[in-house]
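Spelled out, the chains give:
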Amino acid sequence: MGREPAAKPQQPGQETEYTVDQLVAFNRYNPDIFPDLENSVNEQVSSQTYSLESNLCLLRLYQFEPEKLSSQIVTRMLVKALMAMPGPDFSLCLFLIPERVQMEDQFKTLIVLSHYLETGRFRQFWDEAAKNRHILDTVPGFEQAIQGYAVHVLSLTYQKVPRTVLAEAINIEGLALDKFLEHQVANSGWVIEKSQGRGQLIVLPRNEYNDPILKKNTAESVPLENITRIFPILS
C-alpha cells in the first residue's frame, strides 16, 4: 500500500496541511473532506497505490450525502478493490454502496467480474473483461493484478499445472507466455517439465494447500503456547 505524502511544514498565516490518513483518522465523518478523499482515489489510480481505509471512509460519507456520490470515483474504487483479491475488499466496498447505485451498468459488470474471480472461472472473467475495456483500462495495472491472483489460486490447487490451463487463467499465450514463464522460473521457483502428449507441465512450489504432506505436518505442529491455553479450558 502506498504512503500518502507527508504534510508540509506550516508557514506563517498558512493553514496546516494534513495527509489523507490523518483526515480519515480524525475527521472521518466530516463532509468537508470529500474533495481530499476523491482526490486520493484519483491519486491511487495514477500512482498505482492503494488505500482501502480512505476508500471505505469516502463510501460511508456518500451514504450520508448520496447526492454527492460520483459514479466515476466509485467505479475506480471497485476496480482497485478487485485488484486486491483474494482480500475481501470488493465485498466491503459493495456493502456500502446503495442497491439502486449497484444497478448501474458499470457496477453490475464489476459484480459479475468479481463473481467469476471468486469462483475461479478465469476464462469467463477474461471474456467479460474484454467487452468492458472502457471500465477497466482507466486503472493501470489491473490486468497484472488479476494475473497475480490467478497464479495464487492455481498455486493453492495444483502442484503441476498444464501450460494450457495456466494460459487460460492468466490470459497470456505464445511468446508472451514464454517470457512470463522465464521470469517465474528465475524468480519464483517454478520448474518446467515436458510431458508426453500433454505439452509442458509447470511445477509450482509446494505449499500446505497443494501438498497433503505439508498440510499434515502443519496441522500436527501446534505451537506450545496454544496447547498451554487449552489446559485451563479442559480443567
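Residues numbered from 1 in each chain as written. Predicted model: local features only at pLDDT ≥ 70, side-chain atom pairs only at ≥ 80, totals over all residues. Heavy atoms only, no water.

Some details on the overall build of the protein
So the rule is basically this: A run of H or I in DSSP becomes a helix once it reaches four residues, and a run of E becomes a strand once it reaches two; helices and strands are each numbered from the N terminus. We call a residue buried when its accessible area falls under 20% of the maximum for its residue type, exposed when it is over 50%, and partly exposed in between, using a 1.4 Å probe and counting protein chains only. Here a residue-residue contact requires only that any non-hydrogen atoms of the pair lie within 4.5 Å.
On a plain count of helices and strands, the protein comes out with 14 helices and three strands. Across the 235 residues in the protein, those meeting the buried criterion constitute 37%. Counting contacts in the protein only where the partners sit at least 6 residues apart, residues at least 24 apart contribute 55% of the total.

Here we look at the pattern of salt bridges
To keep it simple, the criterion reads: Whenever Lys or Arg places a side-chain nitrogen within 4 Å of a carboxyl oxygen from Asp or Glu, that contact is recorded as a salt bridge.
As enumerated under the stated definition, the model contains six salt bridges in all. For Glu65, the salt bridge goes to Lys68, with nearest N and O atoms at 3.3 Å. A relative accessible area of 38% means that Lys68 is categorised as partly exposed. Between Lys160 and Glu193 there is a salt bridge; the shortest N-O distance is 3.2 Å. One end of the pair, Lys160, is in strand 1 (residues 160-162); the other, Glu193, is in strand 2 (residues 191-195), with 33 residues separating them in the sequence. Given a relative accessible area of 41%, Lys160 falls into the partly exposed group.

Describing the environment of Glu118
Relative to the elements of secondary structure, Glu118 occurs in helix 7 (residues 105-118). Glu118 sits in the partly exposed class, given a relative accessible area of 48%. For the pair Glu118 and Val153, spaced 35 residues apart in the sequence, the C-alpha separation amounts to 9.7 Å. Residues within four places of Glu118 in sequence aside, it is in contact with Met85, Ser91 and Tyr149.

Some remarks on the side chain of Asp89
To be explicit about the condition: The charged-residue count follows a simple rule in which Lys and Arg add positive charge and Asp and Glu add negative charge, with His and chain termini not counted at all. Under the rule applied, a polar contact is a pair of N or O atoms within 3.5 Å (in protein, one hydrogen donor and one hydrogen acceptor; residues adjacent in sequence only if both atoms are side-chain atoms).
With respect to the helices and strands, Asp89 occurs in helix 5 (residues 89-95). For the buried Asp89, no salt bridge exists, and the shortest N-O distance to an oppositely charged side chain is 10 Å, to Lys80. Of the polar contacts made by the side chain of Asp89, one reaches the side chain of Tyr50; its length is 2.8 Å. The residues contacting Asp89, other than those within four sequence positions of it, are Tyr50, Leu52, Ala81 and Ala84.

What to know about the environment of Glu182
Counting through the fold element by element, Glu182 comes out in helix 12 (residues 174-187). According to the relative accessible area criterion, Glu182 is exposed, its value standing at 56%. Residues Glu182 and Ile192, spaced 10 residues apart in sequence, show a C-alpha to C-alpha distance of 9.4 Å.

Some points on the nonpolar core
The nonpolar side chains of soluble globular proteins are, as a tendency, buried together. Applicable threshold: To form a nonpolar core, buried Ala, Val, Leu, Ile, Met, Phe, Trp, Tyr and Cys residues must be joined to one another through side-chain atoms within 4.5 Å.
Within the largest apolar cluster, 60 residues are counted, with the highest numbers of intra-cluster contacts made by Tyr62, Val74, Leu110 and Phe125. No other element matches helix 4 (residues 71-83), which puts eight residues into this core. Among residues more than four places away in sequence, those in contact with Val74 are Leu59, Tyr62, Leu69, Ile97 and Phe107.

Examining the sheet that holds strand 1
Hydrogen bonding along the main chain pairs the strands of a sheet, whether they run parallel or antiparallel. Rule in force here: Note on pairing: DSSP must find at least two bridges between two strands before they are called paired. Orientation is described by axes fitted as lines to C-alpha atoms, over the contacting stretch for helices, and by angles from 0 to 180 degrees between their N-to-C directions.
The antiparallel open sheet is built from three strands, whose spatial order is 1-3-2. What marks the edges here is a single partner per strand, and that holds for strand 1 and strand 2. On average, each strand axis in the sheet is tilted by 35° relative to the strand beside it, whichever way the strands run. Sheet topology places strand 2 next to strand 3 (residues 199-203); five bridges connect them, and they run antiparallel. Bridge pairing links Glu193 to Leu201 in strand 3. On the sheet, helix 11 (residues 163-170) packs against strand 1 and strand 3 and is oriented at approximately 80° with respect to strand 1.

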